[in-house]
There are 2 protein chains.
Amino acid sequence: MATIKDVARVAGVSISTISKYMNGGNVRPDNAQAIREAIAALDYRANPFARNLKIQRSRSIGVLLPDMAAPFYGTVVMSLDKTLREHGYHTQISVYGSNYGLERDNLRFLITNGIDGLVYIPEDLSCDEFYELTASIGIPTVQIDRIIPGVAGDAVLVDNGEAVYQAVSRLIEKGHSRIAIITGPKSVFTAKERLGGYLRALSDHGILFDDELVISDQNAFATGYRGCETLLALDEPPTAVFTTNYDITIGLVTAARERGVRIPEDMDIFGFDCVEVCAMMRPPLPVVHQPEQEIGQTAAAYLIERLNGYDGPPRTTRLKCRLAPE
Amino acid sequence: MATIKDVARVAGVSISTISKYMNGGNVRPDNAQAIREAIAALDYRANPFARNLKIQRSRSIGVLLPDMAAPFYGTVVMSLDKTLREHGYHTQISVYGSNYGLERDNLRFLITNGIDGLVYIPEDLSCDEFYELTASIGIPTVQIDRIIPGVAGDAVLVDNGEAVYQAVSRLIEKGHSRIAIITGPKSVFTAKERLGGYLRALSDHGILFDDELVISDQNAFATGYRGCETLLALDEPPTAVFTTNYDITIGLVTAARERGVRIPEDMDIFGFDCVEVCAMMRPPLPVVHQPEQEIGQTAAAYLIERLNGYDGPPRTTRLKCRLAPE
DNA sequence: CACCAAAAGCGAAACGATTCGTTTGTACGG
DNA sequence: CCGTACAAACGAATCGTTTCGCTTTTGGTG
């Protein structure tokens, strides 16, 4: 593999001139020509490791997230990667699978690995732990989808409470008063916020809250599936169910269908995230649709600003969700 | 930020002893203790850039793929990342969005960026171009899902032809003889193979091939959606349709449902990939299910073997798909 | 207690770029 | 023809590790 030294020798100029040329500095035309030829002849490529050592940056952004199977995450990551790449950064992902030990380990791994910035969907980490792991490094971090309360840093979230409020209100306006909710672990930020929206919608419409109608467990297919069984077994089952996550929604619908429960006649369902899938049902299953692309773009933009030296106070953006169909 | 030199000074031993300690070499217990204390006191972490430069490796694997929104890709990447991380590698992704210029650019970007290995789902790149871009680097590559014909390297594929053969045979056994197929671009490896399985199934069952019944376009929702319109407009529409991709399947079902076409009575559909989603329909829509986890694991294992020095001939694994429901 | 092999420690030379301060080269006006 | 000003080229130092060849220390044995 040719080094900058070889190029200098072949082109007949000094190493520093090659470096200047490579980095877009001014070089005499005849030298530029000679350098070009030498580079071509030797098939020279700058060694990224040497450069990184010298400048102490890697142009690499870590993305730490709990899952990638659900389309929500894939779409966000795709959008992140696109924007970051346009600015010369690459995307290093790390999936912890909602496994709490892994969440720490992978964060440590990313950090000790020379990332320039971090995009993070937290789940279990506490504020103190986060600072303990990241403080000494001092790289910019953008939290997305969820936040660790107390961590001061940029964040891109959606208006969970408001979106759920509207969705549940729609169910109420359709005449439902026994409305269940199936949601993720109550410790998870999004679950809390979404539950909040649900409660507020009930209360604003004068509906009494019944804790039999609240199911909270892993963000998983099984939670929706078993939730359906649980709800149907109640003395007075709900007439409508709101779900707060892709997998839960799919699980619930599957279980309902298997039991011959008619949707929406026997059980009206309002889901989350699975836009294309739910649009395909007859009648279309209404869902809350998060702006995945925008989340990725905004997070990337925040990060790049910080990497370019912006040093303002932490910013939190709340992006609006849409209800689909409108 | 503390360096190894600082640790050496504080611990009262030489730099090389620190290095040895850090890399698991034998060190006298008293020294080990002193080193541990110095590291803790200084909050020392080895500088990854310096290490990479010295050893000329990054422990980073590039993953180049066309899309991430469909759950298939997310699941494969998740499984890749898991296995790689267990072996101390991290995963650097790059999505080219079925954009041919980007496929080249992103490959170049990854390569000039010091990856130790590559996992690649190719789409448009030719064999020559691939070699031109990668030859001088000499990193191990595993192609997954698809291959560039002529490229000698490890590959992990599924038995596309066989899976489709069986799926279409099922439709035939149910009595269908006018069976359409909606598939991706004919230039794409998987589309070709899947189309091959379809043709073989027809021919083995003595059914004449009708090219009106073959629709080939982008792997996208719109292709399935419009495909439905096209097929229904035929003088003699098909009684069954086989789709070869997640997005196409969803598009087709959506269009059918919107038109009041009953599934399976008016149009029997056999889909691809969307396992949970299709299981949730009534009756469940049968699909070809690819072993995403196994694809990721196998690819990662191949790569790691090569990175550990294995230098045997290229290996191609064909993993079996399942039909679901069985 | 002396000897020896094995173990551990040491210092210096890489790895391949960027960068800073200095020297050389070029062009132009007086 | 010389002096000056400015651009370009240069050389050396540096980033923080790993590794190699050698010296010192250690601990077991006769």
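Keep in mind that this is a model prediction, so the values were computed, not measured.

A. Quick look at the overall build of chain A. Looking only at helices and strands, one finds 13 helices and 12 strands in chain A. Here chain A has a C-alpha radius of gyration of 26 Å; the compact-globule value for 326 residues is 20 Å, and the former is much larger. Per-residue burial for chain A yields a buried fraction of 57% across its 326 residues. The long-range share in chain A, meaning contacts at least 24 apart out of those at least 6 apart in sequence, stands at 68%. A distance of 9 Å separates the average location of the 32 positive side-chain charges in chain A from that of its 41 negative side-chain charges.

B. Inspection of the sheet that holds strand 12 (residues 322–324) of chain A at higher detail. All names here are of chain A. Taken in spatial order, the 6 strands make up an open sheet running 7-6-8-9-10-12, and their pairing is mixed. Both outer strands of the open sheet, strand 7 (214–216) and strand 12, are each paired with one neighbouring strand and no more. Neighbouring strand axes in the sheet, compared pairwise and without regard to direction, differ in orientation by 20° on average. In terms of strand pairing, strand 10 (residues 287–289) meets strand 12 through 3 bridges, oriented antiparallel.

C. Highlighting the interface of chain B and chain A. Counting residues at the interface gives 52 residues for chain B, matched by 52 residues for chain A. Counting each side, the surface lost to burial between chain B and chain A is near 4,500 Å², with a carbon and sulfur contribution of 65%. Contact with chain A buries area across many residues of chain B, yet Phe49(B), Arg85(B) and Met280(B) alone supply 17% of it, more than any other trio. Counting across the chain B and chain A interface gives 0 salt bridges. The tally of links between chain B and chain A comes to 12 residue pairs in polar contact (both at pLDDT 80 or more). Residue assignment for the side of chain B that touches chain A shows that the elements contributing at least two residues are helix 4 (48–55), helix 5 (71–86), strand 2 (90–95), helix 6 (100–111), helix 7 (127–134), helix 11 (246–258) and helix 12 (275–279) of chain B. Top element by residues in the side of chain B that touches chain A is helix 5 of chain B. It accounts for 7 residues. Here the side of chain B that touches chain A is composed, by residue class, of 24 nonpolar, 17 polar and 11 charged.

D. Main features of the relation of the copies chain B and chain A. Mapping chain B onto chain A is achieved by rotating through 180° and translating by 0.0 Å along the same axis, at an RMSD of 0.1 Å. What the superposition gives is, in effect, a two-fold axis relating one chain to the other. Taking the C-alpha atom as reference, chain B places Gln92(B) closest to the rotation axis, 2.1 Å from it. Residue by residue, 100% of the interface of chain B is reproduced at the interface of chain A, so both copies engage with the same surface.

E. Highlighting the sheet that holds strand 7 (residues 214–216) of chain B. Residue and element names in this part refer to chain B. Within the open sheet, the 6 strands sit side by side as 7-6-8-9-10-12. Their pairing is mixed. Taken across any chain shown, the strands that pair with only one partner, and hence form the sheet edges, are strand 7 and strand 12 (322–324). The average angle at which neighbouring strand axes cross in this sheet is 20°, direction not considered. Across 3 bridges, the pairing between strand 6 (residues 179–183) and strand 7 is parallel. For Ile182, the partnering residue across the bridge sits in strand 7 and is Ile215. Packed onto the sheet, helix 9 (residues 189–204) meets strand 6, strand 7 and strand 9 (268–272) and runs at close to 175° relative to strand 6. Its contacts with the sheet put helix 10 (residues 221–232) on strand 6, strand 7 and strand 8 (240–243), and the angle it makes with strand 6 is roughly 150°.

F. Structural context of the packing of helix 1 (residues 4–11) of chain A against helix 3 (residues 29–42) of chain A. Residue and element names in this part refer to chain A. In the contact formed by helix 1 and helix 3, the axes pass within 9 Å of each other and the chain directions differ by 125°. The orientation of helix 1 with respect to helix 3, classified from their angle, is oblique. The crossing of helix 1 and helix 3 is right-handed. Contacts from Asp6, Val7, Val10 and Ala11 in helix 1 reach Ala34, Ile35, Ala38, Ile39 and Leu42 in helix 3. Among the residues making up the contact of helix 1 with helix 3, the classes are represented as 8 nonpolar, no polar and 1 charged.

G. The pattern of salt bridges, seen in detail. Residues and elements named next belong to chain A. One pass over the full model with this rule turns up 41 salt bridges over all chains. We note a salt bridge from Arg146 to Asp145, for which the minimum N-O separation is 3.3 Å. Its relative accessible area of 6% is what places Asp145 among the buried residues. Notably, a salt bridge pairs Lys174 with Asp268, separated by 2.6 Å at the nearest N-O pair. With Lys174 in the loop between helix 8 (160–173) and strand 6 (179–183) and Asp268 in strand 9 (residues 268–272), this residue pair connects regions lying 94 residues apart in the sequence. Its relative accessible area of 55% is what places Lys174 among the exposed residues. Residue class for Asp268 comes out buried when judged on its relative accessible area of 4%. Salt bridges linked by common partners bring Asp154, Glu305, Arg306 and Arg315 together as one network.

H. Quick peek at helix 13 (residues 292–307) of chain B. Residue and element names in this part refer to chain B. The end-to-end C-alpha distance of helix 13 is 23 Å, a good match for the 22 Å that 16 residues give at a rise of 1.5 Å each. Of all the residues in helix 13, the buried ones are Glu292, Ile295, Gly296, Thr298, Ala299, Ala300, Tyr302, Leu303, Ile304 and Arg306. Gly309, located one to two residues past helix 13, shows a positive phi value of around 105°.

I. The arrangement of the pairing of strand 3 (residues 117–120) of chain B in detail. All names here are of chain B. What you see with strand 3 is no split at all: Gly117 and Val119 on one side and Leu118 and Tyr120 on the other are buried throughout. Pairing geometry for strand 1 (residues 60–65) and strand 3, over 4 bridges, is parallel. When the bridges of strand 3 are listed, Ile61 appears paired with Gly117. Note: strand 3 against strand 4 (residues 141–144), 3 bridges, orientation parallel. Bridging from a neighbouring strand, Leu118 pairs with Thr141 of strand 4.

J. Focus on the protein's contact with DNA strand D. Taken together, 27 residues lie around DNA strand D, and Ser14(A), Asn31(A), Lys54(A), Ile4(B) and Ser19(B) are the ones closest in. Restricting the count to atoms of DNA strand D within 4 Å of the protein gives a sugar and phosphate share of 66%. Measuring from a phosphate oxygen of DNA strand D, one finds a backbone N or O atom of Ile4(B) at 2.7 Å. A distance of 3.2 Å is found between a phosphate oxygen of DNA strand D and a side-chain nitrogen or oxygen belonging to Arg51(B). Considering each element in turn, the surface near DNA strand D owes the most residues, 5 residues, to helix 4 of chain B.

Here is what the cut-offs are and how they apply
Residues numbered from 1 in each chain as written. Chains lettered and ligands numbered in written order. Predicted model: local features only at pLDDT ≥ 70, side-chain atom pairs only at ≥ 80, totals over all residues. Heavy atoms only, no water. Helix = DSSP H or I, 4+ residues; strand = E, 2+ residues; numbered from the N terminus. Rg over C-alpha atoms; globule rule 2.2 N^0.38 Å. Buried < 20%, exposed > 50% of the residue type's maximum accessible area, 1.4 Å probe, protein only. Contact = heavy atoms within 4.5 Å. Lys, Arg positive; Asp, Glu negative; His and termini not counted. Charge placed at Lys NZ, Arg CZ, Asp CG, Glu CD. Pairing = 2+ DSSP bridges. Axes fitted to C-alpha atoms, helices over the stretch in contact; angles between N-to-C directions. Buried area = accessible area lost by both parts, 1.4 Å probe. Salt bridge = Lys/Arg side-chain N within 4 Å of Asp/Glu carboxyl O. Polar contact = N/O pair within 3.5 Å; in protein donor to acceptor, adjacent residues only side chain to side chain. Nonpolar A, V, L, I, M, F, W, Y, C, P; charged D, E, K, R; others polar. Least-squares fit on C-alpha atoms with pLDDT ≥ 70 in both. Parallel < 35°, antiparallel > 145°, perpendicular 65-115°, else oblique. Left-handed = near helix turned anticlockwise from the far one by under 90°. Expected span 1.5 Å × (residues − 1). Near = heavy atom within 4 Å.

By themselves these figures say nothing about function.
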